Amino acid sequence: MISEYLRPTSINEALELLRRPKPITFPLGGGTFLSTHQQNDQAVVDLQLLGLNYFENKDGQFHAGSMVTLQQIADNNDVSEAVREAVRHEASINLRRMASLGGNLVCGGGFSQLAVVLVAAQAKIVLLPEGMEESFSSWLERRPASVSGKLIQEIHWNSSTQLALEFVAKTPFAEPEMVMAAGVDQNGMLTMSMSATEFPRIIVTEKLAMIKQKLTSGTGLSSEGMTGFSDYHREIANVLAKRLLIAVDSKV
Ligand SMILES: Cc1cc2nc3c(=O)[nH]c(=O)nc-3n(C[C@H](O)[C@H](O)[C@H](O)COP(=O)(O)OP(=O)(O)OC[C@H]3O[C@@H](n4cnc5c(N)ncnc54)[C@H](O)[C@@H]3O)c2cc1C
């Protein structure tokens, strides 16, 4: 049950409330998850007055504040279609209008297509109070302990990175069995990410030309990056990787 609803007007005030030992206090984004997953005697700190609902393309980076809604991202024509498609798969339009990016990153499932594509984009996350950027991919591995008493300020990624998304699902909007994404930066470096288990991870970081050669010559993805995945997943990964390469190659 939510015993206390708080709406601070500054980040410092919000952080102080989140650090209280009692009652257990959570940041409130859009509330779509928190409203249905409650613990006894919990307080919530509404983030709506903290100015975190910005989306900017600045110095070659997209900066998405944690209170930006999923629908704001889906509606943004500057953003790669792979990101917008991923967002459309996260939730229905009604949910997307309420759900915040921060809330989605904290509680999105292992097959969150948005998380997979942001990992391929080599996105960085900024947590407060530290305000230091860190790799989104590494942060995901220690979620959710890493957000206790903290706030996600934003996530940012290079706006010139070419991105593509592929997945396997029974129907286009069913939960996927496997998701893969690729990103190619301005130096021709390719990052491929994949989720077939609990969270997305990077499976390849290599020059685009090299990985193209491997896939066309039949060598396939290196088994090193695929450790822990089943033979079925490895086989499908090679099929999806070829599709991703065609998609990103046509854009660079
Ligand atoms: C019907 C339904 C279907 C769904 N389907 C999918 C799906 O297919 N795939 C998928 O990935 N997800 C799915 N979800 C989960 C969905 O992504 C989340 O409900 C939503 O994105 C959470 O966003 P929110 O802003 O409403 O979060 P909230 O409910 O406000 O918060 C969620 C969590 O994030 C924390 N939080 C919020 N903002 C911040 C911040 N800035 N800093 C630190 N912590 C923060 C909260 O404290 C809480 O623990 C579904 C949810 C519902 C209700």
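Residues numbered from 1 in each chain as written. Predicted model: local features only at pLDDT ≥ 70, side-chain atom pairs only at ≥ 80, totals over all residues.

A. Representation of the environment of valine 179 in the model. Along the chain, valine 179 falls in strand S10 (residues 178–184). Remark: the alpha-carbon pair of valine 179 and proline 8, spanning 171 residues in sequence, is separated by 38 Å. Look past the residues within four positions of valine 179 in its chain and what remains in contact with it is Phe111, Gln113, Val116, Phe167 and Ser195. (Helix = DSSP H or I, 4+ residues; strand = E, 2+ residues; numbered from the N terminus. Contact = placed C-beta atoms within 7 Å.)

B. Molecular detail of the sheet that holds strand S6 (residues 124–128). Taken together, five strands build an open sheet; the order of strands is S4-S5-S8-S6-S7 and the sheet is antiparallel. Strand pairing shows two members of the sheet lacking a second neighbour, strand S4 (55–58) and strand S7 (132–135), which therefore form its edges. When the angles between neighbouring strand axes are averaged without regard to direction, this sheet yields 25°. Where helix H1 (residues 11–18) meets the sheet, it contacts S6 and strand S8 (151–158), and its direction lies at approximately 120° from that of S8. (Pairing = 2+ DSSP bridges. Axes fitted to C-alpha atoms, helices over the stretch in contact; angles between N-to-C directions.)

C. Looking closely at the nonpolar core. Within the largest apolar cluster, 65 residues are counted, with the highest numbers of intra-cluster contacts made by Val117, Leu118, Met180, Ala181, Ala182 and Met192. Here the element with the most residues in this core is helix H6 (residues 113–120); it accounts for seven residues. (Core = buried A, V, L, I, M, F, W, Y, C linked by C-beta atoms within 7 Å. Buried ≥ 20, exposed ≤ 12 C-beta atoms within 10 Å, placed from the backbone.)

D. Looking closely at the pairing of strand S5 (residues 61–65). Pairing of S4 with S5, which is carried by four bridges, proceeds in the antiparallel orientation. Looking at S5, one finds that phenylalanine 55 is bridged to alanine 64. In textbook terms, the turn of a hairpin is the stretch between consecutive antiparallel strands, and for S4 and S5 this stretch comprises two residues, one of which, aspartate 59, has a positive phi near 50°. Across five bridges, S5 lies against S8 in antiparallel orientation. Each residue of the ladder has a partner; that of histidine 63, found in S8, is histidine 156.

E. View of the packing of helix H8 (residues 208–216) against helix H9 (residues 231–249). Where H8 contacts H9, the axes come no closer than 11 Å and their chain directions differ by 135°. The angle between H8 and H9 falls in the class oblique. In terms of crossing hand, the pair formed by H8 and H9 is left-handed. Of the residues in H9, those in contact with Ile211, Lys212 and Leu215 of H8 are Ala241, Lys242 and Leu245. (Parallel < 35°, antiparallel > 145°, perpendicular 65-115°, else oblique. Left-handed = near helix turned anticlockwise from the far one by under 90°.)

F. The domain arrangement of the chain, seen in detail. As far as domains go, the chain holds domain 1 (2–46), domain 2 (55–158) and domain 3 (162–249). For domain 1 versus domain 3, the separation of C-alpha centres amounts to 38 Å. (Domains from an automatic or database assignment.)

G. Region of interest: the sheet that holds strand S9 (residues 162–168). Read across the open sheet, the four strands follow the order S9-S10-S11-S12; overall the sheet is antiparallel. Strands at the two margins of the open sheet, each flanked by one partner only, are S9 and strand S12 (201–207). Averaged over neighbouring strand pairs, the angle between their axes works out to 15° when direction is ignored. Here S9 runs beside S10; their pairing, made up of seven bridges, is antiparallel. Bridge pairing links glutamine 162 to valine 184 in S10. Along the sheet, helix H3 (residues 81–90) makes contact with S9 and S10, crossing S9 at roughly 35°.

H. Summary view of the pairing of strand S3 (residues 42–46). Inspection of the sheet shows strand S1 (residues 2–6) paired to S3 by four bridges, in the parallel sense. Counterpart to leucine 6 in the pairing with S3 is valine 45. Two strands pair when backbone bridges link them, and strand S2 (residues 24–28) and S3 are joined in this way by five bridges, in the parallel orientation. Looking at S3, one finds that phenylalanine 26 is bridged to valine 44.

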